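Tertiary structure, described
Here's the letter readout for the chains.
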Amino acid sequence: MLVRGDTRSDRVVPPSGFTARLTVFAAAAMGFLAVFALALTLAADRLADSWGDELARTSTVRITAPSEQMADLQATALSILETTAGVQSFRALTASDQQALLEPWFGSGLDLSTLPLPGLIEITEAPDGFDGQGLQLRLEAEVPGAVLDDHNQWRAPLVASAGRLRAVGWFSALLLGLTSAAMVTLAANASLAANAQVIRVLRLVGATDRYIAQAFIRRFTLRVLLGAFGGAAVAMIFVRVLPPATDMAGFLSGIGFEGAEWLLPGLIPPLMAAVAFLATRYAAHRALRELA
């Protein structure tokens, strides 16, 4: 209907005025917010996958013992890990490694000799994994004070939080779509009511309701398409200049698009135009029936 048919039919709709400007502005705002909702959702997806994959393949052996016994106990734990099937790699964290882990919380220059820190061994699992229960039993038997932490208690809440954030993003996108439909319906109803006399005159000169409805549908759909395209384009510029994701910057720096994801915002204007088409079609046919 937008391409074929009488393209001059939309001249019955006033080309300017408050309703027209409001429709374009609202569509631009919705397109702008939709891009950020999409970026947030995709970032949450990447975050959930990253946290799940990284924590799922790593474990930590924590050894609590007097400092004079720590070296011997760590050596025993390392020898156990060497003979454990499913362990891809492992390493004992040095004092400098623990210093780096504690710096974000206590700042630099911390004297670790004043703290009773446990010995830590970082384990990376092979793709098939290892028998965590069996490894824990071996450690308890040969390394008193050793505890195997498979990160499950940390991973589950983090992945669940990322999943909820992802759900919020999709819900926001749905809410934006419903709001766009409501906005277009109200604007179309207002325009139809304001042009009630024009519609009656058109009927008197032989215009069909289909011809009149096409005029409103075409004009409002094109307004929404234009506004959404402009809003989405501006939003993509803002997303492009956001700082890239880094290990130090955290999640907020990772909001954006990667690779082929940059094509997805291009779907927002036509989708919003499709919503506008359906909403205006419904409003136009309903209003014309009431004016009959």
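Just so it is clear, the structure is predicted and the values come from calculations on it, not from any experiment. (Residues numbered from 1 in each chain as written. Predicted model: local features only at pLDDT ≥ 70, side-chain atom pairs only at ≥ 80, totals over all residues. Heavy atoms only, no water.)

**Some points on the overall build of the chain**
So the rule is basically this: Helix numbering and strand numbering both begin at the N terminus, where a helix is a DSSP run of H or I of at least 4 residues and a strand a DSSP run of E of at least 2. For every residue, the accessible area obtained with a 1.4 Å probe (protein chains only) is divided by the maximum for its type, and the residue is called buried under 20%, exposed over 50%, and partly exposed between those limits. Should any heavy atoms of two residues lie within 4.5 Å, those residues are counted as being in contact. Note on areas: these come from Shrake-Rupley sampling with a 1.4 Å probe, and a residue is covered only by the protein chains present in the view.
When you go through the chain residue by residue, the secondary structure sums to 8 helices and 4 strands. Starting at the N terminus, the α and β elements of the chain follow one another as α-β-α-β-α-β-α-β-α-α-α-α. When each of the 292 residues of the chain is scored for burial, the buried share is 38%. Look at the contacts in the chain between residues 6 or more apart in sequence, and 84% of them connect residues 24 or more apart. Summed over all atoms, the accessible surface of the chain reaches about 16700 Å², with 64% contributed by carbon and sulfur.

**What about the packing of helix 2 (residues 67-82) against helix 4 (residues 132-142)?**
Keep this limit in mind: In this description, a line fitted to the C-alpha atoms serves as the axis of each element, helices being fitted only across the stretch in contact, and the angle between N-to-C directions of two axes falls anywhere from 0 to 180 degrees. Every angle not falling under 35 degrees, over 145, or within 65 to 115 is termed oblique; those three ranges are roughly parallel, roughly antiparallel and roughly perpendicular. Here a crossing is called left-handed whenever its near helix is offset anticlockwise from the far helix by less than a right angle, and right-handed whenever the offset is clockwise. Note on residue classes: Ala, Val, Leu, Ile, Met, Phe, Trp, Tyr, Cys and Pro are nonpolar, Asp, Glu, Lys and Arg are charged, and everything else, Gly too, is polar.
At a minimum axis distance of 10 Å, the contact between helix 2 and helix 4 shows a crossing angle of 150°. What the angle tells us is that helix 2 and helix 4 run roughly antiparallel. Where helix 2 crosses over helix 4, the handedness of that crossing is right-handed. Contacts between helix 2 and helix 4 pair T76, A77, I80 and L81 from the former with L135, R138, L139 and E142 from the latter. Considering only residue class, the contact of helix 2 with helix 4 consists of 5 nonpolar, 1 polar and 2 charged.

**Notes on the pairing of strand 3 (residues 119-125)**
Let me state the cut-off plainly: Criterion used throughout: strands pair if DSSP finds at least two bridges between them.
Across the 7 residues that make up strand 3, a large majority, 5, are buried. Where strand 1 (residues 58-63) meets strand 3, 6 bridges bridge the pair, whose relative direction is antiparallel. Across the sheet, R62 pairs through a bridge with L120, a residue of strand 3. Direction of pairing for strand 2 (residues 87-92) relative to strand 3: antiparallel, over a ladder of 5 bridges. Bridged to F90 within strand 3 is I123.

**Quick look at the nonpolar core**
Defined as follows: Among buried residues, the Ala, Val, Leu, Ile, Met, Phe, Trp, Tyr and Cys ones that are joined through side-chain atoms within 4.5 Å form a nonpolar core.
In this structure, V35, V184, V224, F257, I268 and M272 are the most contacted members of the largest nonpolar core, which totals 24 residues. Listed by contribution, the elements that provide at least two residues to this core are helix 1 (18-56), helix 5 (152-194), helix 7 (209-240) and helix 8 (268-291). Among the elements that make up this core, the one with the highest residue count is helix 1 (10 residues).

**So, the environment of N189**
Assignment of secondary structure puts N189 in helix 5. Placed 27 residues apart in sequence, N189 and F216 show a C-alpha to C-alpha distance of 10.0 Å.

**Some details on helix 6 (residues 196-204)**
Quick note on the threshold: Read the arc as the range of directions from the helix axis to the C-beta atoms.
The complete set of buried residues in helix 6 reads A196, I199 and L202. In an axial view of helix 6, the angular spread of the buried residues amounts to 120°, which keeps them on one side of the axis. Turned more than 90 degrees away from the buried face of helix 6 sit Q197 and L204, all of them exposed. Once helix 6 finishes, G206 follows within two positions and takes phi at roughly 105°, a positive value.

**A few points about the confidence of the model for the chain**
Any region with low pLDDT has predicted coordinates that should not be read closely. What counts, and what does not: One confidence number per residue, pLDDT, is output by the predictor and ranges from 0 to 100.
In the predicted model, the chain carries a mean pLDDT of 80, and 83% of its residues have values of at least 70. For the chain, per-element mean pLDDT is lowest for helix 3 (residues 95-106), which scores 76, and highest for helix 7, which scores 89. Within the model, pLDDT remains below 50 along residues 247-253, and this stretch shows 9 contacts once partners closer than five positions in the same chain are excluded.

**Quick word on the sheet that holds strand 4 (residues 146-149)**
Within the open sheet, the 4 strands sit side by side as 2-3-1-4. Their pairing is antiparallel. The open sheet has two edge strands with one neighbour each: strand 2 and strand 4. Adjacent strand axes in the sheet meet at a mean angle of 20°, parallel and antiparallel pairs treated alike. Together, strand 1, strand 2 and strand 3 form the strand contacts of helix 2, whose direction differs from that of strand 3 by roughly 10°. On top of the sheet, helix 4 reaches strand 1, strand 3 and strand 4; it is set at about 165° to strand 4, its chief contact.

**Some thoughts on helix 8**
Heads up, the condition is: To estimate how far a helix should reach, multiply one less than its number of residues by 1.5 Å.
The first and last C-alpha atoms of helix 8 sit 34 Å apart over 24 residues, in line with the 34 Å expected at 1.5 Å per residue. When helix 8 is considered as a whole, its buried residues turn out to be I268, P269, M272, A273, A276, A279, T280, A283, A284, A287 and L288.

**A short note on the pattern of salt bridges**
Our working rule: Throughout this description, the term salt bridge denotes a Lys or Arg side-chain nitrogen within 4 Å of a carboxyl oxygen of Asp or Glu.
The full count for this structure, using the stated rule, is 4 salt bridges. A salt bridge links R91 to D97; the shortest N-O distance between them is 2.8 Å. Residue D97 is classed as partly exposed on the basis of its relative accessible area of 22%. A salt bridge links D209 to R203; the shortest N-O distance between them is 2.9 Å. Classification of D209 by relative accessible area gives partly exposed; the value is 34%. Each of R91, D97 and E122 takes part in salt bridges that share partners, so that together they form one network.

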